[in-house]
Every structure is written in structure tokens, then in C-alpha cells.
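Here is what each chain is made of, one letter per residue.
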Amino acid sequence: MEREQDNIINDITSGEYKYGFYTDIETEKIPKGLNEDTIRLISEKKGEPEWLLEFRLKSFRHWLTMKMPGWAHLKIPEIDFQDIIYYAAPKQEPAPESLDDIDPELKKTFDKLGIPLEEQKRLTGVVAVDAVMDSVSVKTTFKETLAELGIIFCSFSEAVREYPDLVKRYMGTVVPYTDNFFAALNSAVFSDGSFCYIPKGVRCPMELSTYFRINAANTGQFERTLLVADEESYVSYLEGCTAPMRDENQLHAAIVEIIAEKNASVKYSTVQNWYPGDREGRGGIFNFVTKRGICRGDNSKISWTQVETGSAITWKYPSCILRGDNSTGEFYSVAVTNNHQQADTGTKMIHIGKNTKSTIVSKGISAGHGQNSYRGLVKVLKNASNSRNFSQCDSLLLGDKCGAHTFPYLEVDNQTAIVEHEATTSKIGEDQIFYCNQRGISTEDAIGLIVNGYAREVLNKLPMEFAVEAQKLLQISLEGSVG
Amino acid sequence: MLSIKNLEAGINGKMILKGINLEIKAGEIHAIMGPNGSGKSTLAAVLAGRDFIEISGGTVTYMGNDLLQMAPEDRSKEGIFLGFQYPVEIPGVSMVNFIKTAVNEHRKHRGLAPLSASDFLKLMQEKKELVEIDSKLANRSVNEGFSGGEKKKNEIFQMAMLEPKLAILDETDSGLDIDALRIVANGVNRLRKPDNASIVITHYQRLLDYIIPDVVHVLYDGRIVKTAGKELALELEEKGYDWIKQELYNHN
Ligand SMILES: Nc1ncnc2c1ncn2[C@@H]1O[C@H](COP(=O)(O)OP(=O)(O)OP(=O)(O)O)[C@@H](O)[C@H]1O
Ligand SMILES: [Mg+2]
């Protein structure tokens, strides 16, 4: 019995992170270290215009004046910012025109990850993909189809070249470079990312998706995503990420900015599966991300859904600034911490306009020695009359060495606002697992069943096909956590 | 079918089962009675594979296999069903999803493909009617907020879905009204086939009016101290356990 359980656990730990492979591909890297020359070099490599270099330098100089934030409920080892490579790109000259020009190794990598670089229908629909490996975008699919509707979906670098006015108009308006330590760092050294613009009145007919892959060793990944939904438009956007298994930690510090104009609606889903480190807590990605959207126009809506299973440390608070009257912000989150993973995640809902509405549903799952914190701010400003917020923060514990913490902050300056908060903590008990076992369901499947039941409310918000993937992912990331 | 020899088991170093011997043949129904705390549920849990119970001696053979070496889920798939004395609540997991997963695991074990959605619903409908369980219960989370009696009926419903070879019902009759009692008994009687067997743990002879046992055992202080026909249940109901204790005492 004991032996059998050990075997199960062994099987699982060896197969735990199936995206941990490394692609042996020629990579162009710049030397380690960070100073103004590094930034000039990155900008030059990317052939950037002067205004962008200026933006980077300004950010860098500001970053030098800042300190790592220390308030989160996280134990973060000292990060040596001079020991990181800030630019790595799969070698490929000239830039690929078509799929045939892409290095077959690179194609294989994305195939292995289940990310189609060919334009093909996925299970239930069409998905346009922007694939980013290390510092550069490898390929964006379905560009032509989207272009017919006036939708721009391309790598950030391409947007800088082709649509500088749009980029200039929106970049840094939601997350200014002064926002926080990691936002300043990203603004200084960001490499690539995705850009998306949905014109007035257009409903984007397919899911847009960016897939981020860290491959090279000792590099940081700093991508930027900028998503603009013009008046009366709609888009559903999905982001996924993985990285090879390595003993050292790697830094990922991204920025996502969303702008929703009048009557526009944006749904942004993330399935975050960066390498979490091994069972002893060696290695893994430090995931320090600033994600924020602004509902600029009346009746606009931004909805964040995230399934966070990866990374050694996660620090992110996808937020909504509800400026337009009657605008809506949503945050649906499942965050898993197993083994020695730590997560401090949540959201900020800033109610500025009248009749603004926000919903927060956070489901934390802790196993092993995992530490999971929900940190959320609901702020209602003076003029935001009749605003409403509902927050629900649940924690699920597997075992007794893990922890769950909830830090809700409330700042309400308008008396007509209604703000509700509910929180629960529960445990998966051995009795529940045994009950499942007795009906023929293995312990692993039992945990999967229970966890998916617990997270259902959030998983239901994901686009159908990704919900299935996310369900599997939840189960995989918790395997071996009880027994 | 089931052969228990000199089984000794305990929890946290405390001996609870002190040498159990029990032979159950296909087609039989055995009733186990005995005072509170005598070890009835512990015996059931050992048979189902609860791992915190330490087994310090003896053997259990089930259909020719060493039962104690089998994982709990494999015991289930090999046909052992335990109706829990205290069924467990599993919030967020719908009864439908739960029992579908269980049924398909059993099918996989037998080399069968998973049931199609419509076949599954048909099967569920049929079994729900059999145990007269409220349709709404199937859409709720497993046992969550079920009344005591509903939980017990739900155990019988699951038993009907899984069609076990050896059913162990631990006080499934406790807390049931007369109608429910009849339903539970019906469930067990339907399972009665030449190659199946049941162990019915109960405190009340009235259940045995509906389920006629072949043998009645009395478990006392971790041992089976008396085995007789169904008339033993009547005698116990009438006289309680003191006379058995007395008999034992005189014996020693
Ligand atoms: N998890 C446990 N930890 C410690 N002692 C336990 C545990 N489970 C059972 N016991 C003890 O083992 C003994 C037998 O318990 P068991 O539940 O098998 O009795 P039972 O015959 O089923 O009683 P009842 O008729 O009340 O259901 C009792 O003394 C009980 O306190
Ligand atoms: Mg009992």
C-alpha cells in the first residue's frame, strides 16, 4: 500500500511538468548585465525609432531610483539584476516571410507545446496565435483574415514599425513606467509581445492568443501586450506560457495594458504555466507581472480570467479602472501553489464612473508547502455613485504544510456604493478522497474531481477549449500532493 | 468469496480487531450486530482499504486474491462496495459527475468503453427510480446538505449503479423512515444473486425482517463471539447483549 503510493508519487513527479524540455536552437544573446548601453543595444537590435529609445531610457533612469516592493506575502530571494541576459532571440535571418522560412526546430517546439503555427482550426473554433520565444515574436497566424476586418494583431515590434501612432497614443497610458519597480524595468528593457487593435464596431470573429515561451538560459523575459478595443468592439484574448525546467530561477516581468472605449468589451484569459520549480523548490520562474485595463468609455467592460498553475513566485494583480459610467470590471482567478510555490495575486477595482460594477471571484488552492495569498483592493471614488462590488475569495487547502491568506482592502468614498465581501477556507479531507477511492476513483483523479468542482465557477469563464486544457492542468499541477 | 482469518488491526497502536474469522460464500447474506464501539465499522473499513488502520496479523482473501495488498480503488473495481455509516460530503462535485466518473472507472477496469451520455442518463434514471431518490439530489454536490436519510439512500443508489459483488452496508438502516427502510432493503435484495454476497451491519432486527440473512454474527470487543441463524437477531433484540457477555464470562 505504502510502496504503491510511493510509486504513484514517483511516476507523477517525474512527469509533472511536461513542458520542461529545451529546444536546441541557435540563439543570439547580448551579454549579461543592465545599463544604458544594454538598453541602447536592445533598441538598436530591434531597429527602433528614437522616441521609443527615449521612453526606455526614461524608464530605466526612473527604475534606478526605485526599490523592489516588499509588501507582498512572499519570500523572494535577492535578485541580481546584473546577472540576467536582457535579450535573446532565436537566430533567424532574415525575418521569416512564411511558415516555410521558420526554423524547423522552432516549429517543432511549438508543435510539441500544442501551439499551431499553421493556420488551422482548433477543436471548437479558429484561434489566431502570436508565438513569442524568448525576446521575439516567431509568427503570428491569421493576420490576413483579421486584416480584412481592420483588426491589427501582430508582434509589438511590428506594431512599433507599422503603427507607431497607435502605439504612441496608447502605450504607457494604463501602466505608466513609473507605476512600480517591475513595470519600470519592463518599460526599459521589454523585448517583444503582442499588439492588438480592434476597430470601431468590429466583433473579432476568433480568439486571439499569444503564446509565450522562455527557452534560453539565464535570460529574463520582458514582454508587453497592448490591447485596444475601440468603440462598440469585442475581443476575446488568451495568453499561455511555459518554460524549460532549470535549476536556477528566471525572471519574467511583463506588462499588459488594455483600453476599452465606449461600449467595447474585452475578455482576457490567461493560463499561466511557467515552470514552477522542482519538488524541493529549486528553480522556477519569478512571475512579476503588471496587468491593468481601463474602461475608458461608458458601458465598456473588461473581464480578466486567470488560471495560475506555474511559476515559483507569482506576483500579479490584473486590475480594472472603471472610468466610464456603467462600466464593468470582472476578475475570475484560480491560483494553485504546490510544493514550494508562492503566489500573491488578486486584483484592484477602481470605481470612478457612476453605476460602475465589479465582480471578483478568487479561488486559491494550496498544496505541499505552497503559500497562496489573495490581495485585492476595491476603491470607490467620490463621484462613483451607485457603484457595486461583489467579492468572493475562497481558499482550498490540501495537506497541512501549506498556507492561504486573504488581504482584502476597501476604500469607499461614496455612500451610495454597495460593497460585499465573502471568504471561505476549506480543506480536502482524507475522508473525501477515501470516499472517492471506495467508488473506484484513484486518489489523483479524486483530487482532480474535487479541485475542478471547486474551481468550476472560474473555469466556466474560459473559452470552451481552454477550459478543458485548464482542467487537465489543474489536475496535473496538483498530482502527488496528497498521499 | 471472502475469507478472513485471524485478522488483527488497530488504530494508533490501540488494538480494535482482535482476531476476526469470517467466511462468506457467494449467494450469502451475513448480518453483523454488536454493541457500539465493538469494531464493526473498523472491520468494514479494513475490507475497503482505509490506510490509517494498522493491520498487525491475519489474512483476508477475496475471490482468490490477497485483499490486503489491493489499493482501495482496485477493491472497488473488483466488486467491493462499502455503504458508509457516515457518507462524506464533497462540495462542488456534482453527484452526476461523481457517479459517472466511478461507473466509467469500473467499466475501464473491465475493458469497456465509457458509457455515452445518453446511456449513462438512462442507467441513472433507472436506478434512481429503483431507490426512489429525488431527481434533484443527483444535480447537487455529493451528499452536501443531504438529510441523514437522503445520504443513506444515496449510498444505495450508488450501490445500484456500481452493481458490486460484495456489498458491505454499515448501518445503512440507521436514521431511515419505514418507507426508506423498505427501499434500502429492496436495493439489497435485488443484488441478491447466486454469485454476489452482502454484509449487513445493523443494530436493528427490523431491517432483517426485510433482508433475510443466512447468518447473524455478534461482534464484541473486536471478536466474533457468536454466530447463528436469523433467530439470533430476534434474541438480541429481546435480551440485549448482556447475556452474551455473561456467556463469555462464564466460559472463561
Ligand atoms: N479514527 C479513529 N481513531 C481512534 N479510535 C478510533 C478511530 N476509529 C474508531 N476508533 C475506535 O475503535 C473502536 C471501534 O470503533 P468502530 O467504529 O469500529 O465501532 P462500531 O462497532 O462501528 O460502533 P458503532 O456501533 O457505534 O458504529 C472504538 O472504540 C472507536 O473509538
Ligand atoms: Mg460503526
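Residues numbered from 1 in each chain as written. Chains lettered and ligands numbered in written order. Predicted model: local features only at pLDDT ≥ 70, side-chain atom pairs only at ≥ 80, totals over all residues. Heavy atoms only, no water.

**A look at the coordination of the magnesium ion (ligand 2)**
Perfect tetrahedral coordination of a metal by four donors corresponds to 109.5 degrees between them, and perfect octahedral coordination by six donors corresponds to 90 or 180 degrees. All names here are of chain B. Within the protein, the atoms that donate to the magnesium ion (ligand 2) are Ser41 (OG) and Gln85 (OE1), at distances of 2.0 to 2.2 Å. Here Gln85 lies in the loop between strand S6 (80-83) and strand S7 (90-94) and Ser41 lies in helix H1 (residues 40-48), a separation of 44 residues in the sequence. Assessed through its relative accessible area of 17%, Gln85 is described here as buried. (Donors = N, O, S within 2.8 Å, 3.2 Å for Na, K, Ca; no water. Helix = DSSP H or I, 4+ residues; strand = E, 2+ residues; numbered from the N terminus. Buried < 20%, exposed > 50% of the residue type's maximum accessible area, 1.4 Å probe, protein only.)

**Here's the deal with helix H4 (residues 117-130) of chain B**
Residue and element names in this part refer to chain B. For H4, which comprises 14 residues, the first-to-last C-alpha distance of 20 Å matches the rise-based estimate of 20 Å (1.5 Å per residue) to within 8%. Restricting attention to buried positions, one finds in H4 the residues Phe120, Met124, Lys127 and Lys128. Along the axis of H4, the buried residues cluster in a sector spanning 105°; they form a single face. For H4, exposure combined with an orientation more than 90 degrees from the buried face picks out Lys122 and Glu129. Those residues of H4 that are buried lie in contact with helix H3 (95-109), helix H5 (135-139) and helix H6 (148-162). Just downstream of H4, Glu132 is the residue with a positive phi angle, here 50°. (Expected span 1.5 Å × (residues − 1). Arc of directions from axis to C-beta. Contact = heavy atoms within 4.5 Å.)

**Concerning the side chain of A:Ser319**
Residues and elements named next belong to chain A. Relative to the helices and strands, Ser319 resides in strand S16 (residues 319-322). The class for Ser319 is buried, based on a relative accessible area of 3%. At 3.2 Å, the side chain of Ser319 and the backbone nitrogen of Lys348 are in polar contact. Apart from residues lying up to four places away in sequence, Ser319 is in contact with Lys291, Arg292, Gly293, Trp304, Thr347 and Lys348. (Polar contact = N/O pair within 3.5 Å; in protein donor to acceptor, adjacent residues only side chain to side chain.)

**With respect to the site of ligand 1**
All names here are of chain B. Near ligand 1 you find 15 residues, and of these Gly37, Lys40, Ser41, Thr42 and His203 are the closest. Note that an oxygen atom of ligand 1 is positioned 2.9 Å from one of the backbone N or O atoms of Gly37. Its free accessible area being 630 Å², ligand 1 has 64% of it covered by the protein chains. At the level of elements, strand S2 (14-24) and H1 are the ones that each hand at least two residues to the shell around ligand 1. (Near = heavy atom within 4 Å. Areas by Shrake-Rupley, 256 points an atom, 1.4 Å probe, with all protein chains shown as cover.)

**Some thoughts on unusual backbone geometry**
Residues and elements named next belong to chain A. Positioned with a positive phi, Asn299 is a non-glycine residue whose angle comes to about 60°. The topology assignment puts Asn299 in the loop between strand S13 (284-295) and strand S14 (301-308). On the accessibility criterion, Asn299 (38% relative accessible area) is partly exposed. With a phi close to 55°, Asn386 is a non-glycine residue in the positive phi region. Residue placement: Asn386 occurs in the loop between strand S20 (371-380) and strand S21 (388-397).

**Details of the nonpolar core**
Judged by nonpolar contacts, the single largest core of 98 residues is most densely connected at A:Ile365, B:Leu2, B:Ile4, B:Phe98, B:Ile168 and B:Ile199. Broken down by element, this core gets its largest block of residues, 9 residues, from helix H10 (residues 443-459) of chain A. Leaving out residues up to four positions away in the same chain, B:Ile168 has contacts with B:Ala44, B:Leu47, B:Ile80, B:Phe81, B:Leu82, B:Gly83, B:Ile199 and B:Ile201. A:Val256, A:Ala260, A:Cys295 and A:Cys320 belong to the second-largest nonpolar core, a separate cluster that totals 34 residues. (Core = buried A, V, L, I, M, F, W, Y, C linked by side-chain atoms within 4.5 Å.)

**A few points about the confidence of the model for chain A**
In the predicted model, chain A carries a mean pLDDT of 83, and the fraction of residues at 70 or more is 82%. The low-confidence segment residues 1-15 of chain A, where pLDDT is below 50, has 17 contacts with residues more than four positions distant or belonging to other chains. (pLDDT = per-residue confidence, 0-100.)

**Here's the deal with the interface of chain A and chain B**
How big an interface is tends to be expressed through the accessible area that disappears when the partners come together. The partner chain B presents 35 residues to the 21 residues of chain A that form the contact. Between chain A and chain B, a total of about 2,400 Å² is buried, with carbon and sulfur atoms accounting for 59% of that surface. Contact with chain B buries area across many residues of chain A, yet A:Phe434, A:Tyr435 and A:Arg439 alone supply 32% of it, more than any other trio. On inspection of chain A and its partner chain B, the count reaches 2 salt bridges. In this structure, A:Arg439 and B:Glu155 form a salt bridge, with 2.7 Å as the shortest nitrogen-oxygen distance. Counting across the chain A and chain B interface gives 14 residue pairs in polar contact (both at pLDDT 80 or more). (Buried area = accessible area lost by both parts, 1.4 Å probe. Salt bridge = Lys/Arg side-chain N within 4 Å of Asp/Glu carboxyl O.)

**Considering the pairing of S2(B)**
In summary, the side chains of a regular strand alternate between the two faces of the sheet. Residue and element names in this part refer to chain B. Both strand S1 (residues 2-11) and S2 contribute to a ladder of 8 bridges, which runs antiparallel. Across the sheet, residue Leu7 finds its bridge partner in S2, namely Ile20. Counting the residues in the hairpin turn of S1 and S2 gives 2 residues, including Asn12, whose phi is positive at 50°. (Pairing = 2+ DSSP bridges.)

**Here we look at the packing of H3(B) against H6(B)**
All names here are of chain B. For the pair H3 and H6, the least separation of the axes is 10 Å and the interaxial angle reads 35°. Crossing of H3 against H6: the hand is right-handed. Only Asn154, Phe157, Gln158, Met161 and Leu162 of H6 make contact with H3, whose side of the interface consists of Met95, Phe98, Ile99, Ala102, Val103 and His106. Across the contact of H3 with H6, the residue classes tally to 8 nonpolar, 3 polar and no charged. (Axes fitted to C-alpha atoms, helices over the stretch in contact; angles between N-to-C directions. Left-handed = near helix turned anticlockwise from the far one by under 90°. Nonpolar A, V, L, I, M, F, W, Y, C, P; charged D, E, K, R; others polar.)

**Observations concerning the packing of aromatic side chains**
All names here are of chain A. Counting across every chain of the model gives 19 aromatic pairs over all chains. Here Phe181 and Phe182 contribute two aromatic rings whose centre-to-centre distance is 5.1 Å and whose plane-to-plane angle is 90°, an arrangement assigned as edge-to-face. Here the two residues Phe181 and Phe182 agree in accessibility, since each one is buried. Through a chain of ring-to-ring contacts, the aromatic side chains of Phe60, Trp63, Phe81, Phe181, Phe182, Phe286, Phe288, Trp315 and Tyr317 assemble into a single cluster. We note Lys363 situated over the ring of Tyr454; from NZ or CZ to the ring centre the distance is 5.0 Å. The ring centre of Tyr435 lies 4.8 Å from the NZ or CZ of Arg439, which sits over that ring. (Phe/Tyr/Trp six-rings, centres within 6.5 Å; stacked < 30°, edge-to-face > 60°. Lys NZ or Arg CZ within 6 Å of the ring centre and 35° of its normal.)

**Looking at the pattern of salt bridges**
Working definition: two side chains of opposite charge can pair if their charged atoms are close together. All told, the structure shown has 31 salt bridges over all chains when counted by the stated rule. We note a salt bridge from A:Glu257 to A:Arg224, for which the minimum N-O separation is 3.1 Å. Remark: A:Arg224 occurs in strand S8 (residues 224-229) and A:Glu257 occurs in strand S11 (residues 255-260); sequence separation between them is 33 residues. Residue A:Glu257 is classed as buried on the basis of its relative accessible area of 0%. Here B:Glu105 makes a salt bridge to B:Lys77, at a shortest N to O gap of 4.0 Å.

**Focus: the side chain of A:Asp394**
All names here are of chain A. Relative to the assigned elements, Asp394 resides in strand S21. With a relative accessible area of 6%, Asp394 lands in the buried category. Polar contacts involving the side chain of Asp394 include one to the side chain of Lys363, which spans 3.0 Å. Ignoring anything within four residues of it in the chain, the contact list for Asp394 reads Ser362, Lys363, Gly364, Ala423, Thr424 and Tyr454.

**Concerning the sheet that holds strand S4 (residues 54-62) of chain B**
Spatially, the 4 strands line up as an open sheet ordered S2-S1-S4-S5 (chain B), and their pairing is antiparallel. Each edge of the sheet is formed by a strand with only one pairing partner; in this case those strands are S2 and strand S5 (65-66) of chain B.

**A word on the pairing of strand S10 (residues 197-201) of chain B**
Residues and elements named next belong to chain B. Where burial is concerned, most of S10 is hidden: 5 out of the 5 residues are buried. Judged by which residues are buried, S10 turns out to be covered on both faces: Ala197, Ile199 and Ile201 on one side and Ser198 and Val200 on the other are all buried. As paired strands, strand S3 (residues 29-33) and S10 are joined by 4 bridges and run parallel to one another. Bridge pairing links Ile32 to Ile201 in S10. Pairing of strand S9 (residues 166-170) with S10 involves 5 bridges; the strand directions are parallel. By the bridge assignment, Leu169 is partnered in S10 with Val200.

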